[in-house]
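Each chain, written out:
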Amino acid sequence: MPAPALIQVALDAPLDRLFDYRAPDATPEDIGRRVRVPFGPREQVGVVVGLGSRSEVADTRLRDVIAIDRALPALPEDILQLARFAAAYYQHPLGQTLLAILPPALKRTRFRAPAPAAYALTEVGRAAVAGLPARATAQRRLAGLLAAGAVAAGELADLRVPLSAWLKRGWVAGADLPGVDGDAGGQPEPTADQAAALAALAAQPDGFAAWLLFGVTGSGKTEVYLREIERVLARGRQVLVLLPEIHLTPQMVERFGRRFPGRKLVSLHSGLSDGERLAAWLDGLEGRADIALGTRLAVFAPLPRLGLIVVDEEHDASYKQMEGLRYHARDVAVWRARAAGVAVLLGSATPALESWANARRGRYRLLSLPERAHADADLPTVSLVDSRTDKPRQGVTEALRQALADNLARGEQSLVFINRRGYAPVLYCRACGHVSTCPRCAAHQVVHRHRGGYQLRCHHCGLAARPPEACPACGSLDLAPAGQGTQKVEDTLAELFPAARILRIDRDTAARKGAFAAMRTAVERREVDILVGTQIVAKGHDFPMLTLVGVVGADQALMSTDFRASERLFAQLMQVGGRAGRAAHAGRVLIQTEYPHHPLYAALVRHDYPAFAERTLVERRQAEFPPYSHQALMRADARSMTEAMAFLERAHSLAEDLAEGVLLYDPVPALMPRIAERERAQLLVQSGNRARLQAFLTPWLARLRDEKSAGLRWSVDVDPLDW
Ligand SMILES: Nc1ncnc2c1ncn2[C@@H]1O[C@H](COP(=O)(O)OP(=O)(O)OP(=O)(O)O)[C@@H](O)[C@H]1O
Ligand SMILES: [Zn+2]
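Residues numbered from 1 in each chain as written. Chains lettered and ligands numbered in written order. Predicted model: local features only at pLDDT ≥ 70, side-chain atom pairs only at ≥ 80, totals over all residues. Heavy atoms only, no water.

## Thoughts on the UniProt feature "binding site: Zn(2+) 2" (unreviewed entry) in the protein chain
Inference 1: Sites flagged by UniProt as "binding site: Zn(2+) 2" (unreviewed entry) map to Cys438, Cys441, Cys458 and Cys461. For the annotated residues, spread through 24 residues, the largest C-alpha to C-alpha distance comes to 8.7 Å, consistent with a single compact locus.
Inference 2: Topologically, cysteine 458 is positioned in the loop between β21 (453-457) and β22 (464-465).
Inference 3: If we skip the residues at most four places from it in the chain, cysteine 458 touches Cys438, Cys441 and Leu463.
Inference 4: Along the chain, cysteine 461 turns up in the loop between β21 and β22.
Inference 5: For cysteine 461, a relative accessible area of 22% corresponds to the partly exposed category.
Inference 6: Residue contacts for cysteine 461: discarding those within four places in its chain leaves Cys438, Arg440, Cys441 and Ala676. (UniProt positions renumbered as here; feature names shortened; annotations may be inferred. Helix = DSSP H or I, 4+ residues; strand = E, 2+ residues; numbered from the N terminus. Contact = heavy atoms within 4.5 Å. Buried < 20%, exposed > 50% of the residue type's maximum accessible area, 1.4 Å probe, protein only.)

Set out below in structure tokens:
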């Protein structure tokens, strides 16, 4: 009698193991397929990762698989391998990793078919809509929208139109999206630097290569991606393009669509509906998509003909996932490219110091675009406004006010950058100095404008409260918002320039659907004179009439205890400054600071990223911080600090005999020691050798898996970016 066929299933369970199920008809083709299995009292979706005939589970306790989903193609072997790598490297269970990389629609036990990308009228529908009565306004609106041909599903989603009723009646049906009209002929001639970069890429023999495209803002990095992609597409391969921000995807999709009119482009990000995401994912998996553009999660998209991976703005912190599988999409992309034997192209004006160091060591090959691409565009002039002498009034110095006034008079656009949303960072008692703090967190409450008055909000736990009438510490009524946020700067500018059209963009205003696209259109149509915003306006945009950038309140980051703060600040200011003067009009950047002699600002004035990077790398080497060491951070949180610290002390003692070649720091309270009534502590481990650190983490964490203590949560973050 043949041994019973078993499948090994990865499930979304916090246990680092696989689960065996009986599946008499399973074949090797089923590896990578979704299955439905009984798990405890419920049904769960899992992925088949192996076959077997013997199980450690007693025969009587083995359960039968409910169904193997053979309607969909299996996850290909390279994606299973990628998941195995990510699970092992980031110390996360394989099952949870695999389930995290599946589109949400595939995680449900009741499987729903992918939604069409677009809808079009059927023959029947065409005849029917001709006879719609005038009072059927919603129906007539839908008929109008569809009159000229297929319309993207997303464009119909927000409108109140009777789409589902028409689907039932057979008046509309799913359709493919019409291709974008291309102007592939209208592409600019590459500059000499672009041509040199492209020649180097083309000269590289097939196979893995990691490239760092270091190009100043506006140097035409995107143009290099586009031409290299064209070359790879021509060889019949697929291309994966990673972008840091979901807001940037639509504009990139549009730019790519225009450039590659005949090609199928799909986008993959969390802003899509589950149906759209599934459809795009399947287009990739089944080889229909030529280009997949997406945010970090797209790095796991199955693409059987993969020929190139591009990571735009590779330094961006949003490539790092902060919970669950705490992966860094750039690093995973490099690993994937190596496994697939293809090139990976990392682009940035301010590369991550890790990447810069890799380029210096020859692990990445460096391509440079030191000048702006546009023939008339120079890099903006950066100047520092000494705010000790030119004292800001409501946040704005006289120098910045004057520059904004000049720009307004010339009809050019300006951007005021302040990386702090809300009205003011704290509510302050002028009698005793008390500042508003969140009752649940070790954080200040931020003052927000709210319905004609104010509200106090915690940016860590979200708690909102009415401001107190009197100071909770001394009873004084002399309470006032102190410092500036985007809302206050917006108010100040409105007072200074009553005729100016001002638009504020921060996470609060951009949360509304379509807000970002509306902002872009308004700026492009020159319906805005001054933009006020946080870092979300700083990235990626190309606004030809924007010629002045003012930076307010940047000094704060200089004081941070996080060793990456200065790297982040430099990148941010370089990016935001890079929005100025990208076309025919010269740009300038004014930075208000009390530290005009700080070397970080000096490097910015000279647009000298390499100098900044070299200096910072020397500091990192002295302190043995990354990239000269590799870190993992264990975080624990509990109702009391004693519990959190006790757990980490225990973890520390369980590590001691394993930690050869690994430096174990003492457990300490976290930088933000309390969030939402949970006390937080951390334990840092570090090694000069990545493999050593990995070899230590696995057995250490295995020992800790059995340590249970009620109400305590812990996790490990490999290559942490935040503290
Ligand atoms: N070879 C070229 N000739 C003329 N214009 C070009 C050329 N390459 C790019 N441009 C133009 O220069 C501008 C900047 O290009 P692009 O957006 O590709 O730069 P980037 O380096 O990706 O910018 P950033 O990183 O600042 O977002 C665009 O308006 C683009 O159309
Ligand atoms: Zn809070």
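There's plenty left to go through after this.
## Topic: unusual backbone geometry
Inference 1: Here the residue pair proline 626 and proline 627 is connected by a cis peptide bond, since its omega of 10° sits within 30 degrees of zero.
Inference 2: Checked against the element boundaries, proline 627 lands in the loop between α20 (609-623) and β28 (630-638).
Inference 3: With phi around 50°, glutamine 394 is a residue other than glycine that occupies positive phi space.
Inference 4: On the secondary structure map, glutamine 394 appears in the loop between β17 (381-386) and α13 (398-410).
Inference 5: With a relative accessible area of 44%, glutamine 394 lands in the partly exposed category.

## Some details on the domain arrangement of the protein chain
Inference 1: In terms of domain boundaries, the protein chain breaks down into domain 1 (6-107), domain 2 (118-175), domain 3 (191-369), domain 4 (381-424 + 483-618) and domain 5 (630-718).
Inference 2: For domain 2 and domain 4, the distance between their C-alpha centroids amounts to 45 Å. (Domains from an automatic or database assignment.)

## Observations regarding the sheet that holds strand β11 (residues 238-242)
Inference 1: Pairing within the open sheet is parallel, and its seven strands lie in the order β12-β13-β11-β14-β15-β10-β16. Of all strands in the sheet, those bounded by a partner on one side alone are β12 (265-268) and β16 (365-369). Pairwise comparison of adjacent strand axes, ignoring direction, gives a mean angle of 20° for this sheet.
Inference 2: Alignment of β11 against strand β13 (residues 291-294), held across four bridges, turns out to be parallel. In the strand pairing of β13, leucine 240 is matched with alanine 292.
Inference 3: Running at roughly 125° to β12, helix α10 (residues 274-285) makes contact with β11 and β12 of the sheet. (Pairing = 2+ DSSP bridges. Axes fitted to C-alpha atoms, helices over the stretch in contact; angles between N-to-C directions.)

## Comments concerning the UniProt feature "binding site: Zn(2+) 1" (unreviewed entry) in the protein chain
Inference 1: Within this structure's numbering, the places UniProt gives as "binding site: Zn(2+) 1" (unreviewed entry) are Cys429, Cys432, Cys471 and Cys474. Taken together, the annotated residues stretch across 46 residues yet fold into one region, lying no more than 8.6 Å apart by C-alpha.
Inference 2: Since its relative accessible area comes to 40%, cysteine 432 is described here as partly exposed.
Inference 3: Leaving out residues up to four positions away in the same chain, cysteine 432 has contacts with Cys471, Ala473 and Cys474.
Inference 4: Those residues within four positions of cysteine 471 in sequence are excluded, and the remaining contacts are Cys429, Cys432, His434, Ser476 and Leu479.

## Brief notes about the coordination of the zinc ion (ligand 2)
Inference 1: Within the protein, the atoms that donate to the zinc ion (ligand 2) are Cys438 (SG), Cys441 (SG), Cys458 (SG) and Cys461 (SG), at distances of 2.3 Å.
Inference 2: One can describe the donor arrangement at the zinc ion (ligand 2) as tetrahedral, given that its four donor atoms subtend angles of 107 to 113° at the metal.
Inference 3: Read N to C, the donor residues that coordinate the zinc ion (ligand 2) are spaced as C-x2-C-x16-C-x2-C. Highlighted residues: cysteine 438 in the loop between β19 (426-429) and β20 (446-450) and cysteine 461 in the loop between β21 and β22, separated in sequence by 23 residues.
Inference 4: A residue is classified by how much of its surface remains accessible, and cysteine 438, at 3% relative accessible area, is buried. (Donors = N, O, S within 2.8 Å, 3.2 Å for Na, K, Ca; no water. Tetrahedral: all angles 85-135°; square planar, octahedral: opposite > 155°, others 65-115°.)

## With respect to a positive patch on the surface
Inference 1: On the surface, Arg338, Arg361, Arg363 and Arg621 cluster together into a patch of positive charge.
Inference 2: With respect to the helices and strands, the residue arginine 363 is situated in the loop between α12 (353-360) and β16.
Inference 3: Looking at arginine 363, the relative accessible area reads 53%, which means it is exposed. (Patch = residues over 30% accessible without salt bridge, like charges linked within 9 Å, V, L, I, M, F, W, Y side chains within 5 Å. Areas by Shrake-Rupley, 256 points an atom, 1.4 Å probe, with all protein chains shown as cover. Salt bridge = Lys/Arg side-chain N within 4 Å of Asp/Glu carboxyl O. Lys, Arg positive; Asp, Glu negative; His and termini not counted. Charge placed at Lys NZ, Arg CZ, Asp CG, Glu CD.)

## Examining the site of ligand 1
Inference 1: Neighbouring residues of ligand 1: 19 residues in total, closest Glu189, Gln194, Lys221, Thr222 and Asp542.
Inference 2: In this structure, glycine 220 approaches ligand 1 through a main-chain N or O atom, which is 3.0 Å from an oxygen atom.
Inference 3: Note that an oxygen atom of ligand 1 is positioned 3.2 Å from one of the side-chain N or O atoms of arginine 255.
Inference 4: Here ligand 1 has 630 Å² of accessible area as a free molecule, and 84% of this is covered by the chains.
Inference 5: For the shell around ligand 1, the element with the highest residue contribution is helix α8 (residues 221-234), accounting for three residues.
Inference 6: Tallied by class, residues from the shell around ligand 1 come to four nonpolar, seven polar and eight charged.
Inference 7: Taken together, domain 3 (191-369) and domain 4 (381-424 + 483-618) each give at least three residues to the shell around ligand 1, which thus spans both. (Near = heavy atom within 4 Å. Polar contact = N/O pair within 3.5 Å; in protein donor to acceptor, adjacent residues only side chain to side chain. Nonpolar A, V, L, I, M, F, W, Y, C, P; charged D, E, K, R; others polar.)

## Considering helix α14 (residues 486-496)
Inference 1: For α14, the complete set of buried residues consists of Thr486, Gln487, Lys488, Val489, Glu490, Thr492 and Leu493.
Inference 2: Buried residues along α14 sit in contact with α13, β18 (413-417), β20, β23 (479-482), β24 (502-505) and β25 (530-533).

## Side note on the pattern of salt bridges
Inference 1: Enumeration according to the criterion identifies 46 salt bridges in this entry.
Inference 2: Arginine 259 is paired through a salt bridge with glutamate 223; the nearest N and O atoms lie 2.7 Å apart. Of the two residues, arginine 259 is situated in helix α9 (residues 249-259) and glutamate 223 in helix α8; the sequence distance between them amounts to 36 residues.
Inference 3: The exposure class assigned to glutamate 223 is buried, which follows from its relative accessible area of 7%.
Inference 4: Linked by salt bridges that have partners in common, Arg449, Glu490, Asp491, Arg504 and Asp506 make up one network.

## Some words on the packing of helix α7 (residues 192-203) against α8
Relative placement of two packed helices is described by the angle separating their axes and the distance separating the axes.
Inference 1: Across the interface, α7 lies against α8 with an axial gap of 10 Å and an inter-helix angle of 35°. Once α7 is placed against α8, the crossing between them reads as right-handed. Contact residues: α7 offers Gln194, Leu198, Leu201 and Ala202, while α8 offers Glu223, Val224, Arg227, Glu228 and Arg231. (Left-handed = near helix turned anticlockwise from the far one by under 90°.)

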